[in-house]
Amino acid sequence: MGIGFIVSLIVGGVMTVFILAIAIPMEKKYIVRENRKINF
């Protein structure tokens, strides 16, 4: 494996974690469940 392949794997992993770190709190913030009904 070349060094470029390893670097691209690391960058891809970091970007995935960064996107998930932004997306997960936003989903919890805007979708609130009240009495088994989804309240946006």
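Every value quoted in this text rests on a predicted model; they were computed, and no experiment measured them.

Here is what the cut-offs are and how they apply
- Residues numbered from 1 in each chain as written.
- Predicted model: local features only at pLDDT ≥ 70, side-chain atom pairs only at ≥ 80, totals over all residues.
- Heavy atoms only, no water.
- Helix = DSSP H or I, 4+ residues; strand = E, 2+ residues; numbered from the N terminus.
- Buried < 20%, exposed > 50% of the residue type's maximum accessible area, 1.4 Å probe, protein only.
- Areas by Shrake-Rupley, 256 points an atom, 1.4 Å probe, with all protein chains shown as cover.
- pLDDT = per-residue confidence, 0-100.
- Patch = residues over 30% accessible without salt bridge, like charges linked within 9 Å, V, L, I, M, F, W, Y side chains within 5 Å.
- Salt bridge = Lys/Arg side-chain N within 4 Å of Asp/Glu carboxyl O.

Examining the overall build of the chain
Okay, so step 1: Looking only at helices and strands, the chain features one helix and two strands.
Okay, so step 2: When burial is assessed residue by residue, the chain has 0% of its 40 residues classed as buried.
Okay, so step 3: When the accessible surface of the chain is split by element, carbon and sulfur atoms take 71% of a total near 4,100 Å².

With respect to the confidence of the model for the chain
Okay, so step 1: In this model, the chain carries an average pLDDT of 79, and 62% of its residues clear a pLDDT of 70 or more.
Okay, so step 2: Highest mean pLDDT in the chain belongs to helix α1 (residues 3-30) (85); lowest belongs to strand β2 (residues 37-39) (57).

What to know about a nonpolar patch on the surface
Okay, so step 1: A cluster of nonpolar residues, Ile-3, Val-7, Val-11, Met-15, Phe-18, Ile-19 and Ile-22, forms a patch on the protein surface that exposes about 720 Å² of accessible area.
Okay, so step 2: Here Val-11 is to be found in helix α1.
Okay, so step 3: Residue classification places Val-11 among the partly exposed residues on the basis of a relative accessible area of 42%.

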